[in-house]
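What the coordinates show
Each chain is listed here by its residues.
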Amino acid sequence: MTIILASLITVGVIAFILSVRAKDLPQPEPVSPFHHLDERKVAIYENLRDLQFEYRLGKLSDQDYQQTKLDLQRELAGVMADIDRVKAEIAAGKIPAPAPELVKAPTKAPATYICPSCKTEFDQPLKFCGECGKPMKAAQA
Ligand SMILES: [Zn+2]
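Structure report, in brief. (Residues numbered from 1 in each chain as written. Predicted model: local features only at pLDDT ≥ 70, side-chain atom pairs only at ≥ 80, totals over all residues. Heavy atoms only, no water.)

1. Observations concerning the overall build of the protein
The helix and strand inventory of the protein stands at 4 helices and 2 strands. Across the protein, helices and strands are ordered from the amino to the carboxyl terminus as α-α-α-α-β-β. For the protein, with 141 residues in total, the buried portion stands at 15%. Residue pairs at least 24 apart in sequence account for 48% of intrachain contacts in the protein once pairs closer than 6 positions are excluded. When the accessible surface of the protein is summed, it comes to about 10900 Å², and 60% of that surface belongs to carbon and sulfur atoms. (Helix = DSSP H or I, 4+ residues; strand = E, 2+ residues; numbered from the N terminus. Buried < 20%, exposed > 50% of the residue type's maximum accessible area, 1.4 Å probe, protein only. Contact = heavy atoms within 4.5 Å. Areas by Shrake-Rupley, 256 points an atom, 1.4 Å probe, with all protein chains shown as cover.)

Structure follows, in structure tokens:
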């Protein structure tokens, strides 16, 4: 019996800590579905710039320069096509525009308020613990 009670309290405390932490943390910025594609695009542009720079310095042969440039341009075209595809899918409603996990309502556990002093659980917010009488500031929702 004691073990069951102890583990129940532990679970309650963990749930409480998690709920407090989730509340205190700022909401993460919704990540655009294009984010990783944009990053790739920027990386390819940078590579192209570096390539031109090295070519001008005479570090690359004509053939190497043309070949690498073609490869990068082909990769860039692929990324652009991916971005267009994602845009088309959003427009068609196939994928939701913001990150779906942000839109979905979080599954709410029944609220528990735990006295920080004696760890007694209450199902409603109290100013003072009904068990030990200590203030329950931390438990206010
Ligand atoms: Zn108490």
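2. Looking at the pattern of salt bridges
A complete count under the given rule lists 4 salt bridges for this structure. For Asp38, the salt bridge is made with Lys41, and the minimal N-O distance between the two is 3.9 Å. Here Asp38 and its partner Lys41 are both found in helix H2 (residues 35-56), 3 residues apart, which amounts to about one turn of the helix. Among the charged side chains, a salt-bridge network with shared partners connects Asp82, Arg85 and Glu89. (Salt bridge = Lys/Arg side-chain N within 4 Å of Asp/Glu carboxyl O.)

3. What about the coordination of the zinc ion?
Angles at a metal have ideal values that depend on geometry: 109.5 degrees with four tetrahedral donors, 90 or 180 degrees with six octahedral donors. Protein-derived ligands of the zinc ion are Cys115 (SG), Cys118 (SG), Cys129 (SG) and Cys132 (SG), with the metal-ligand distances lying across 2.2 to 2.3 Å. Taken together, the 4 donor atoms coordinating the zinc ion and their angles of 106 to 116 degrees define a geometry best described as tetrahedral. Overall, the relative accessible area of 5% leaves Cys129 in the buried class. (Donors = N, O, S within 2.8 Å, 3.2 Å for Na, K, Ca; no water. Tetrahedral: all angles 85-135°; square planar, octahedral: opposite > 155°, others 65-115°.)

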